[in-house]
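# Structural characterization, general
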Amino acid sequence: MAKKQFKAESKRLLDLMINSIYTQKEIFLRELISNASDASDKSYYNALCNNTGLDRERYEIRLAADKTLRTLTITDHGIGMNKEDLEKNLGTIAESGSFKFKNNAEEKEGVDIIGQFGVGFYSAFMVADEVTVTSRKEGEETAWKWTSTGSDGYTVTEAEKAEPGTEIVLHIKENTETDSYDEYLEQYRLADLVKKYSDFIKYPITMEMTKSRKKEDSEEYEQYTELETLNSRVPLWKKSKKELKEEDYKAFYHAQRYGYDEPVKTIHTNVEGSLTYTALMFIPGTVPYDFYTKDFKKGLALYSNGVMIMEKCADLLPDYFGFVQGLVDSADLSLNISRELLQQDHQLKAISKNLTKTIQKELAGLCEKDRETYSKFFDAFGRTLKYGLYSDWGMNKETLQDLIMFHSSKEEAYTTLKEYVDRMPEEQKYIYYGTGETKEKIRSMPAAEGVLAKGFELLYFTEDVDEFAVKMLQTYKEKEFKNITDADLGFEQEAPSDEHAELMGKLKEALGDKVADVKASTRLVSHPACISTRGAISIEMEKVLSAGPDGQNAKAEKVLEINTGHPLFAQLQAADEEQLKTYAEVLYNQALLIEGLPIEDPVAYANAIWKLLEK
Ligand code: ADP
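Keep in mind the model is a prediction, meaning the values are calculated, not measured.

Time to look at the pattern of salt bridges. Throughout the structure, instances matching the rule amount to 40 salt bridges. One salt bridge connects Glu463 with Lys386, and the closest N-O pair in it is separated by 2.7 Å. Here Lys386 lies in helix H8 (residues 371-390) and Glu463 lies in the loop between strand S17 (458-461) and helix H13 (464-473), a separation of 77 residues in the sequence. For Lys386, a relative accessible area of 4% puts it in the buried group. The closest approach of N and O atoms between Arg523 and Glu561, which form a salt bridge, is 2.9 Å. Within this pair, whereas Arg523 is found in the loop between strand S20 (517-520) and strand S21 (529-534), its partner Glu561 is found in strand S22 (residues 557-562), the two being separated by 38 residues in sequence. For Glu561, a relative accessible area of 1% gives the class buried.

Right, dumping it as structure tokens:
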């Protein structure tokens, strides 16, 4: 019999499926089960309209694998297809006409499409070298058989079938060197796939499972088969919140392998209106082992009416909330790719925006009401939030500024920026922070002395990202941030006297370009000298930036500050020119060391120290 040819677009998609390098070949089962479920929906609806019974159990979807014949059969009792339906539905791609492959990127784009939305019936050809569909349409007597081995075309012939519905037989491909197909004939693998992708299909998905048991009055085992329903049928997120206990959510969290820890927060929301969706989201309490690597895939599972259409939809979450796990179910999303794709995109964006707000609100609430739990969360993911502030040029300020916390000189635990600002005395104009490896190191920095002596609170920035994040924030409640090593601390200090200008000038001369200035300090109390900076780049930023690709150009503009009240200063005043050079070298390098910066010329520094010791 002459083979009929697929429509051109379908043929290209088929080629793509047959030669698919897509790793998630397993999704074919989800696609076929979803089709069976849709067909059952249609029949169920007809039955509802005709009052011919409302029994959902009737719509059992049966799986059967035969290893000898290498077949996997999926049978449904749905609406079925007649000859025209078969030709139209399986000969063209869902009549969408929107499958425009770009010639050069054909394969790549195809892979993306499969990964994102699946492609329905054709995905069967990822695992099968021959597909036979026998179907009888409800209300008709004749059945039809559609067969195809792939892109060379298909045939439709008359067939026998006792009941309405559809039976799809996949002849599973032989294993190749790189791909295993045998697994799609293993009943436990199939059962797992149903659990993973189709657990919440409303009709029972069943399979005869081979099991073994002890024979009666004997030590011997015997094999037997039992028909099992593989899916739980009720989506957890569709149950009413009142019905659900914390344990239920936790069990789900673990079953979905969102994490092995306990989530610190579960968010279950139903939204109705122009956008209708249910979201079930979890905020983990610990960092997944691969979270800070590129292997980590952020995103939420995307469901359309209980059917999973995407395992990780990255677009649903902004990067800074990438740690959130869970799913979104929206009846507004259609299961398969189609001309609605763009619209869906638009909808996804709207949902994502909503979810971001929801997560923000929940986290802010947790931060306010349960600081202990929030701190645990923040220890794990605070970095991500701070990176969120830093990236996108501070666009996420509103969302994130009240979620970040720091340690400070006034609080044992973390403090929020709001709490800091609320504590600020009237005369304090800036939010002060110091940067360093540890709280202790920052506290003991010479530059901290002046601010602390003033009674002002000091935030401890101990992570690389901290200062960069607040640079993007610029202000919090109209208060600017100020690094304690900034040459201008922004509070009334006794004016540095001109008295020592000449001496400072000589020190500057001795140090040359290493410093922008040498001046009498008004901030130092017990230390003889320190380094402060002018301009946009602080010392901590210099450290971070110099580790990056443009390192050489990113230098802080340094000022050496001398404590004129320190006993050592008398020696400076008494020094001759030669000695003064030595002192300048030593003071400058000591100040660098205290800041954790490398000594630029270790030999010169060591020589200077030796000179002092010789005396
Ligand atoms: P989509 O489901 O997006 O329409 P598919 O390629 O999966 O795309 O299926 C094409 C069409 O074939 C379906 O819309 C449906 O009309 C028909 N179809 C597929 N499987 C079945 C089935 N098991 N029973 C009845 N009709 C089916």
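Judged by which residues are buried, S17 turns out to be covered on both faces: Leu458 and Tyr460 on one side and Leu459 and Phe461 on the other are all buried. Bridge count for strand S14 (residues 405-408) against S17 is two bridges, and the pairing is antiparallel. Note on S17: the bridge partner recorded for Ser408 is Leu459.

Once that is clear, we can look at the nonpolar core. Formed by 68 residues in total, the largest nonpolar core has its most connected members in Phe321, Phe323, Tyr374, Phe377, Leu385 and Tyr432. Split by domain, this core shows at least three residues from each of two domains, domain 2 (245-372) and domain 3 (404-483). If you look at the next biggest cluster of nonpolar residues, it comprises 51 residues, including Leu13, Ile33, Leu86 and Trp144.

This part is about the side chain of Ser532. Among the secondary structure elements, Ser532 is positioned in strand S21. For Ser532, a relative accessible area of 0% translates into the label buried. There is a polar contact of 2.8 Å between the side chain of Ser532 and the side chain of Glu561. Non-local contacts of Ser532, meaning those with residues more than four positions away in its chain, are made with Thr485, Asp486, Ala487, Arg523, Glu557, Lys558, Val559 and Glu561.

With that out of the way, let us pick up the confidence of the model for the chain. With 90% of its residues at a pLDDT of 70 or more, the chain shows a mean pLDDT of 86. Confidence over residues 94-110 falls short of pLDDT 50; this stretch has 29 contacts with residues more than four positions distant or in other chains. Counting contacts from residues 335-340, a segment whose pLDDT is below 50, to residues more than four positions away or on other chains yields 23 contacts.

The rules behind the values
Residues numbered from 1 in each chain as written. Predicted model: local features only at pLDDT ≥ 70, side-chain atom pairs only at ≥ 80, totals over all residues. Heavy atoms only, no water. Salt bridge = Lys/Arg side-chain N within 4 Å of Asp/Glu carboxyl O. Helix = DSSP H or I, 4+ residues; strand = E, 2+ residues; numbered from the N terminus. Buried < 20%, exposed > 50% of the residue type's maximum accessible area, 1.4 Å probe, protein only. Pairing = 2+ DSSP bridges. Core = buried A, V, L, I, M, F, W, Y, C linked by side-chain atoms within 4.5 Å. Domains from an automatic or database assignment. Polar contact = N/O pair within 3.5 Å; in protein donor to acceptor, adjacent residues only side chain to side chain. Contact = heavy atoms within 4.5 Å. pLDDT = per-residue confidence, 0-100.

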